[in-house]
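Summary of the model geometry
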Amino acid sequence: MVLHPAGPNTDLGAMEHRHLTVMMVDLVGSTVLAQTLDPEDLLSTTLRYQKLVEHATNAFGGSVLQIVGDGVLVVFGWPSSCENNAERAMRSALRIHSDLAELSGPTELQCRIGIASGVVLVGDIALGSNIQPDAIFGSTLNLAARLQALAEPGGTLISAATRALGGEQLEFDGLGAKSLAGFDRPVPVYRLAGETRIQVLDKDRIPLIGRDAERAQLHAAWSDVETGKGRVIYLQGEAGIGKSHLIRDLRTSVGPQAWVTYHCSPFHVSSPFFPFISQIERWCGILDSDDIAIRRNRMTEHLGNILDDDQLGTLFFVLAPGPGDHGPASEEALRAEIVTIFRRVFEVLSREGPVLVVVEDLQWADPSTLSVLQAVAEHLSKLPVLLLLAGRNPVTRAMEERIPSLQITALSPLDDDTAAVLAGAASNAQLSDDTMAQIVTRGNGIPLFIKECATAMAASPERGLGAIPATLHDLLAQQIDEVGELRRTAVEAAVIGSTFGVPMMAHISGISEAEADEAIHQLASTGLLQHLPGTGKNATGAWRFRHELVREAAYQSLVRDRRAHLHRRAAEALNAQPEAARKPEQIARHWELAGAPGKAVAAWIEAARINLRRHANQEGAQHVRNGLRLLQKLPAEHREEAELSLQFLLAAAERVRIGYGADSAISAFDRSFELSKKLGDRRTLVRAGRGLFTAAMVKGDYRKAEHWGQAMIDAHDDHHTCMVGNYIRGSALAPRGQFIAAATALEKAALHAEAHAAEAGNDPDVAAMLQIESMAALVDSFLGKTERALARAKSAVDAAGVLGQSLTVANAMHWQTEIYMQTDHPDYPHMAKTFAKIVRDSVGPYYNAVATAHLAGASIRSGEPAKGVALLQSAWEKMHATGAKAAGVLVHTELARGFLALGQIPQGLEAVDAGLRFADQTGERNYEAELNRIRAALLAKQEDASDEAEAACRTAIQVARDQGAALYEKRALEDLARLRPVDPEIAARLAKLNDAGVSA
């Protein structure tokens, strides 16, 4: 049928994309005939030839679209799609040649035929005030014409696509690749040789009926569940292999007390927890139109007797977040809460009897769902629960490691006997043996293909053997055509996505909800759709296509204008939903396909922000990349501002997900800095500069870190920018051992901070001011001003706690803990544990690695050096995994300290040498003096190495004195005094440092 949809007034409104087999027939020698025959005889001969072609093609389901003189254009698969288009076209070509040879007349007649298969644009088209029916466009048409021109008189040439779709009953001769006019590369060509005389029989028959082995495995697993032992099974196989059917069979035969099914979706691979969220919404009867209060009430009503208040609060945060809701502190914490919730739900369900839990289409699961699923799965194995996972992809090593009890069942194609049984059941035994054999051969053991082929043939037995589908594409197009006038409903539903409801259907179709509900139910009665019911009196049901491939076939038939119009209406409907029900990633997809890149980018930005707030950083980063992909389609005047927002979101996601030194985060901040300068946006330039500074610091590139501070100062001379720029300079100078210069830069930063605070009034950049105070405290510690350092560090931590920003708190505690380490403070072990606890779930992998290093340092100082060394090695690996290369000198200093405590002198000296090499490579020299002092202590433990020990100690003193690191100069002098107890020069220098208030 030809679809005439409502919508935009376009000339292509009644056209659609179709996979057709196109035949071009041309009479040989028509010019000669015109010269030799009487005009009446010529007309009679031409008409008989045309009628012959029409009759021969109609007999095989072809449709004559155009007759121009002696040329005839025939298509197979239009106006109604049929299976096996290519084979029917080729059989009709053989019939044409045969009948034409028998056509009586004054002269012998021959024709040339070309056949090609592919996607074309076909349908009624408006030409001015006239309508041209059954117009056809596309390269497939051109290819058929070129093949026809190349064919010999009485011959048929076909394309490679047509050959691939040809039946086993036909024979072909390969002619190699031919250069054809209009094609930029040689095209493979085949000659149709005729019908084969070899009878095609069933092949590879195996004496097993049904999936006996797989069924036995599932039933054995269910028996275990009935005895209280849980099982986890992964059913793996390609699309259509029968995973869902096997699961339904188990559910029907064992009748579990309870079952829960989660459906993953190809449209939600970056929507965190989508399968869980959609199932809970159906379970609780939550409508898209429900506001936050109603959503929360329904979750409380259905789950309040299962979950405690904190667990319900987590669900509120995910499904119905209110203003000011922050939820769990991090991505890991949120996932842990979700895991606890689902464990609780299934614990309660399993008390009443065995439970079947199914997760379908695992290949489309979002990363958050996979993480939770893997954590829940092993727990379910301890309950009377059978967890069935179904997916196309092979199981990953990570999943096998996370779920040790996982059993993998890979589904293979059916054998021919089983395929024949399935075909007979699907057709109610209405098909002939020959037809059944054809279906088995075509099905290749894939149950979906076999079942659909048999069902289609049984529904239209008049089509005979030619009704065997040549491709699944053709078959699915036929399934859509056979719903008749409901085709419009199917096509419009296909635009919405994998699942849809009545309100959305009504909106994009421009009809009432009652009309939409009736149309959907009528379409469902054809078997094209299936219902996903909710529960409870307020529950709403959703609909989905019985096969995703059916949806794709319906969707791909739409022309661009009509498709864009429907996507626009879908986006508008989704955008009008209450905020709690908004799904910006779906809105973005619809706007993008509607040809509205500006609105699509805005929706991708919204989706990314929501996911970052929910700690779903991987999905958020993907949303950002989707937005970046569309930038070139935006007007030039809006492109840079949109890109700036996207780049900041990408940097935020990647630095938490991977680490501060992640190349992807650095690249995003770098581009943000460039855009900020170009746009003259001081605020975003400072933000980007901070990100680049942090990345450079953790990668140990301190000169580049200082460069970003100076670049900010050079770009803007206001107090806020100069405050941040000088802070960055001071922070970058300190690791290089330039403590006096660092202190000077930080003093400048503090002066600008005072001026900035006066200018900003009630809205100063408190976080930056606290960072200045924390870094100044650390530099004071190096300078030997221990009391002031401790006081300033505590003040910064206290103020950060009041501010309540997790990153600011972590930063302040980082430097306070390092000061405690430098000074061997008695509370250092307690401080290290506190720091580790604070950063564990809040600020990403880099700070967690730093916290591990401090736990190591505390262990070494608390009499557990072996534990400390092991922790340090682990921390160093964790830092490298984030892209960080900073703190190498400090880490090796602490390693050497640990080996010294263990009495492992060679290992300690190796650690010292590695630390010194690191200092030379990176310029990181803040702990160079302490590293040399520990070298001296290690050498002092060796025989005949006293001179080397003294030399190392003197090196430590000189390095510390050059740097102004009075803390470490005094510590090294005290060690040297023990080696040279009567040296007056040493005593004098120590006295001077003591008089200056330096403590070690």
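As the structure is a computational prediction, the values presented were derived from the model and not from experiment. (Residues numbered from 1 in each chain as written. Predicted model: local features only at pLDDT ≥ 70, side-chain atom pairs only at ≥ 80, totals over all residues. Heavy atoms only, no water.)

What the rule picks out here adds up to 13 aromatic pairs. Here phenylalanine 276 and phenylalanine 342 contribute two aromatic rings whose centre-to-centre distance is 4.5 Å and whose plane-to-plane angle is 40°, an arrangement assigned as tilted. Pair noted here: phenylalanine 276 is in helix α8 (residues 274-284) and phenylalanine 342 is in helix α11 (residues 331-350), with a separation of 66 residues, a long-range link. In this structure phenylalanine 276 comes out as buried when scored by relative accessible area, which is 6%. In this structure an aromatic cluster arises from ring pairing among Tyr262, Phe276, Phe342 and Phe346. (Phe/Tyr/Trp six-rings, centres within 6.5 Å; stacked < 30°, edge-to-face > 60°. Helix = DSSP H or I, 4+ residues; strand = E, 2+ residues; numbered from the N terminus. Buried < 20%, exposed > 50% of the residue type's maximum accessible area, 1.4 Å probe, protein only.)

Time to look at the sheet that holds strand β12 (residues 385-391). If you walk across this open sheet you meet the 5 strands as β10-β11-β12-β9-β13, and the pairing is parallel. Two strands bound the open sheet, and with one partner strand each, they are β10 (258-263) and β13 (406-410). Direction aside, neighbouring strands of the sheet carry axes that sit 15° apart on average. Bridge count between β10 and strand β11 (residues 355-360): 6 bridges; the pairing is parallel. What sits directly across from alanine 258, in β11, is valine 355. The sheet contacts of α11 involve β10, β11 and β12, and relative to β10 the element is tilted by about 150°. (Pairing = 2+ DSSP bridges. Axes fitted to C-alpha atoms, helices over the stretch in contact; angles between N-to-C directions. Contact = heavy atoms within 4.5 Å.)

On to the nonpolar core. Ranked by size, the top nonpolar core spans 172 residues in total, and within it Phe500, Leu529, Phe545, Phe673, Tyr727 and Val779 carry the most contacts. Each residue touching tyrosine 727, except ones within four places of it in the same chain, is listed here: Phe693, Leu746, Ala749, Gln771, Ile772 and Met775. Of all hydrophobic cores here, the second largest spans 52 residues; its members include Val339, Leu349, Leu362 and Ile403. (Core = buried A, V, L, I, M, F, W, Y, C linked by side-chain atoms within 4.5 Å.)

Here helix α3 (residues 85-102) contains 18 residues, and its C-alpha end-to-end distance of 26 Å stays within 8% of the 26 Å for a straight helix at 1.5 Å per residue. Within the span of α3, buried status applies to Asn85, Ala86, Glu87, Arg88, Ala89, Met90, Arg91, Ser92, Ala93, Ile96, His97 and Leu100. (Expected span 1.5 Å × (residues − 1).)

What follows covers unusual backbone geometry. Residue tryptophan 78 is joined to proline 79 through a cis peptide bond whose omega torsion reads 5°. Its place among the elements puts proline 79 in the loop between β3 (71-76) and α3. Of note in this structure, phenylalanine 273 is not a glycine but carries a positive phi near 60°. A positive phi angle, near 65°, is found at histidine 615, a position not held by glycine. Position of histidine 615 relative to the elements: it lies in the loop between α24 (597-613) and α25 (617-629). For histidine 615, a relative accessible area of 14% translates into the label buried.

What follows covers the side chain of histidine 567. Residue placement: histidine 567 occurs in helix α22 (residues 560-575). Polar contacts involving the side chain of histidine 567 include one to the side chain of tyrosine 555, which spans 2.8 Å. (Polar contact = N/O pair within 3.5 Å; in protein donor to acceptor, adjacent residues only side chain to side chain.)

Before going further, it helps to examine the packing of helix α41 (residues 946-963) against helix α42 (residues 966-979). It is the contact of α41 with α42, at a shortest axis distance of 8 Å, that shows an interaxial angle of 155°. As summarised for this structure, α41 and α42 are arranged roughly antiparallel, according to the angle between their axes. Helix-helix and strand crossings are classified by hand; for α41 and α42 the assignment is left-handed. In this structure, α41 contributes Ala949, Glu950, Cys953, Arg954, Ala956, Ile957, Ala960 and Arg961 to the contact, and α42 contributes Tyr968, Glu969, Ala972, Leu973, Asp975, Leu976 and Leu979. When its residues are assigned to classes, the contact of α41 with α42 shows 10 nonpolar, no polar and 5 charged. (Parallel < 35°, antiparallel > 145°, perpendicular 65-115°, else oblique. Left-handed = near helix turned anticlockwise from the far one by under 90°. Nonpolar A, V, L, I, M, F, W, Y, C, P; charged D, E, K, R; others polar.)

On average, residues of the protein chain carry a pLDDT of 85, and 91% of them reach 70 or more. Within the protein chain, helix α17 (residues 472-481) has the poorest average pLDDT of any element, 66, and strand β6 (residues 156-159) the best, 96. The low-confidence segment residues 197-209, where pLDDT is below 50, has 16 contacts with residues more than four positions distant or belonging to other chains. This model gives residues 535-539 a pLDDT under 50, and the stretch forms 11 contacts once residues within four places in sequence are excluded. (pLDDT = per-residue confidence, 0-100.)

The antiparallel open sheet is built from 3 strands, whose spatial order is β14-β16-β15. Looking at strand neighbours, the two that pair on one side only are β14 (499-500) and β15 (529-532), the edges of this open sheet.

Our next topic: the domain arrangement of the protein chain. Considered domain by domain, the protein chain is made up of domain 1 (15-195), domain 2 (212-330 + 355-410), domain 3 (416-468) and domain 4 (827-997). Computed from C-alpha coordinates alone, the two centres of domain 2 and domain 3 are separated by 35 Å. Taken residue by residue, the interface counts 5 residues in domain 2 and 4 residues in domain 3. For the pair domain 2 and domain 3, the summed buried area comes to about 310 Å², and 62% of that belongs to carbon and sulfur atoms. In this structure, the connection of domain 2 to domain 3 is made through 0 salt bridges. Where domain 2 touches domain 3, the interface holds 0 residue pairs in polar contact (both at pLDDT 80 or more). (Domains from an automatic or database assignment. Buried area = accessible area lost by both parts, 1.4 Å probe. Salt bridge = Lys/Arg side-chain N within 4 Å of Asp/Glu carboxyl O.)

Now for a positive patch on the surface. A contiguous patch of positive charge, built from Arg609, Arg613, Arg683 and Arg687, is present on the exposed surface. Secondary structure elements with two or more residues in the positive patch: α24 and α28 (682-698). Among the secondary structure elements, arginine 609 is positioned in helix α24. (Patch = residues over 30% accessible without salt bridge, like charges linked within 9 Å, V, L, I, M, F, W, Y side chains within 5 Å. Areas by Shrake-Rupley, 256 points an atom, 1.4 Å probe, with all protein chains shown as cover. Lys, Arg positive; Asp, Glu negative; His and termini not counted. Charge placed at Lys NZ, Arg CZ, Asp CG, Glu CD.)

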